[in-house]
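Commentary on secondary and tertiary structure
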Amino acid sequence: MKIQTSVITSALLGCAVRSLSMAPITGSVASTPEFSVARGHAALAFDATDDRKVAGWADDVFIGKVVAKQEQTTAPRTKFPLTLWSVEVVENFKGDLSGTVTVSQYGGYDAKTNTLRLMEEDTLLEPGQQYVFATNANKEKG
C-alpha cells in the first residue's frame, strides 16, 4: 500500500490547506516530449515530516482507496492546480468518516503551459490505489 501522509496531499471536501502558503513554481525538474513537470514548494506552519504533528493537525486520518478523479480546479489564492478525487474510506485512525469522500490534492495539469504541476516530491494520486490520508474538513462547504 502506498503511504501518503502530508498536508500537501490532502484537504478533505475540497478545502485548501489553511496553513499552506505557496512559493513560486521552480523550473522544470523533468520533462518528456509530451509535457514538462514543475514542482511547487510549501511554507508550512509545522514539520510535515513528523507523523505525530501531521496527525495532530488533521481532523481525520484514514486509509482510503482512490475511486476516481472528479475534476481539476485551481486552489484559492494560489492559482496552483488542485485535483479533486473520490476516495472510499477503508479504515479510520482518527475521526469517523465513512463511505466515499472528496479529497483535494495540490497538483494537476496546466494546459496553458503544457506542464504537470506538483507539490514538493508528491505525485498525483492513482485510482485503485490505497493511501493513508491526513485531512481537514472544509467547514464552509460541509
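This text goes with the structure placed above it.
Residues numbered from 1 in each chain as written. Predicted model: local features only at pLDDT ≥ 70, side-chain atom pairs only at ≥ 80, totals over all residues. Heavy atoms only, no water.

So, on to the overall build of the protein chain. Secondary structure assignment for the protein chain yields one helix and ten strands. Tracing the protein chain from N to C terminus, the helices and strands come up as β-β-β-β-β-α-β-β-β-β-β. For the protein chain, buried positions account for 44% of its 142 residues. Residue pairs in contact within the protein chain that sit at least 24 positions apart in sequence constitute 66% of those at least 6 positions apart. (Helix = DSSP H or I, 4+ residues; strand = E, 2+ residues; numbered from the N terminus. Buried < 20%, exposed > 50% of the residue type's maximum accessible area, 1.4 Å probe, protein only. Contact = heavy atoms within 4.5 Å.)

With that settled, consider the nonpolar core. Of all hydrophobic cores here, the largest spans eleven residues; its members are F62, V66, W85, V87, V89, L97, V101, V103, L125, Y131 and F133. Elements supplying a minimum of two residues to this core: β6 (60–74), β7 (81–94), β8 (100–110) and β10 (130–135). Per-element tally for this core: the top contributor is β7, with three residues. Excluding its chain neighbours within four sequence positions, the residues that come into contact with F62 are V87, V89, E91, N92, F93, L97, V101, V103, Y131, V132, F133 and T135. Core analysis: the next-biggest nonpolar cluster, separate from the first, contains nine residues, A48, A58, I63 and A134 among them. (Core = buried A, V, L, I, M, F, W, Y, C linked by side-chain atoms within 4.5 Å.)

Nothing here speaks to function; it is all geometry.
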